[in-house]
Amino acid sequence: MSSKTLINVYYDAQCPLCRQERRRYERWSGRHAKDIGWLDVSENEQALRAKGVDPAVALRSLHVETEQGQLIEGIDAYRLLMKRVPLLVPVAWLIGLPGIKPALRTLYDVWVKRRLKKQGRWPL
């Protein structure tokens, strides 16, 4: 039995790369994959609003919900997810370092905006 609690990852299931990344996380998680719930933002808009999150914002930045109901957003959400994947634990530590975290956030925001524009889903 796993010692880790369940987390829910709100992700953009309309994005082919996001779906590919989900499959990669599931594969790399191995027996811990059951500890990660994957929820499509588009199918969970009402639940997100009830938690105080605009679904448009959830499409622009990864949101992870802990078992206690706390929502973690952005690079910190990725770090929490990566800590569930033994192979990625060192990466989770690395991207949390000062200087790296803000730079990654900026790059991620640019990438998401470009992706959503290309898909005709910007502005949200």
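Residues numbered from 1 in each chain as written. Predicted model: local features only at pLDDT ≥ 70, side-chain atom pairs only at ≥ 80, totals over all residues. Heavy atoms only, no water.

> Can you explain the overall build of the chain? Please cite residues and give values.
Along the backbone of the chain there are six helices and four strands. Overall, the chain shows an N-to-C arrangement of helices and strands of β-α-β-α-α-β-β-α-α-α. Computed over C-alpha atoms, the radius of gyration of the chain comes to 14 Å, within 12% of the 14 Å expected from 2.2 N^0.38 for 124 residues, which places it in the range of a compact globule. C-alpha extents for the chain along the principal axes are approximately 40 × 35 × 25 Å. Expressed as a percentage of the 124 residues in the chain, the buried residues total 40%. Restricting to contacts in the chain with at least 6 residues of sequence separation, those with at least 24 account for 63%. Looking at the chain as shown, the accessible area adds up to about 7,300 Å², and 56% of this sits on carbon and sulfur atoms. (Helix = DSSP H or I, 4+ residues; strand = E, 2+ residues; numbered from the N terminus. Rg over C-alpha atoms; globule rule 2.2 N^0.38 Å. Buried < 20%, exposed > 50% of the residue type's maximum accessible area, 1.4 Å probe, protein only. Contact = heavy atoms within 4.5 Å. Areas by Shrake-Rupley, 256 points an atom, 1.4 Å probe, with all protein chains shown as cover.)

> With reference to specific residues and values, describe the packing of aromatic side chains.
Following the criterion strictly, the structure yields four aromatic pairs and no others. Aromatic pair tyrosine 11 and tryptophan 38: ring centres 5.6 Å apart, planes at 90°, arrangement edge-to-face. In this pair, tyrosine 11 sits in strand β1 (residues 7-11) while tryptophan 38 sits in strand β2 (residues 36-40), placing the two residues 27 residues apart along the sequence. Each member of the pair tyrosine 11 and tryptophan 38 is classed as buried. Each ring, one from tyrosine 25 and one from tryptophan 38, has its centre 6.2 Å from the other, and the planes form 35°; the classification is tilted. Residue tyrosine 25 is located in helix α1 (residues 16-29), and its partner tryptophan 38 is located in strand β2; the two are separated by 13 residues in the primary sequence. By way of ring pairs, the aromatic residues Tyr11, Tyr25 and Trp38 are connected into one cluster. (Phe/Tyr/Trp six-rings, centres within 6.5 Å; stacked < 30°, edge-to-face > 60°.)

> Break down the environment of lysine 113 for me, citing the residues and quoting the values.
Take lysine 113: it is sitting in helix α6 (residues 100-118). Expressed as a C-alpha distance, the spacing of lysine 113 and glycine 37, which sit 76 residues apart in the sequence, is 25 Å.

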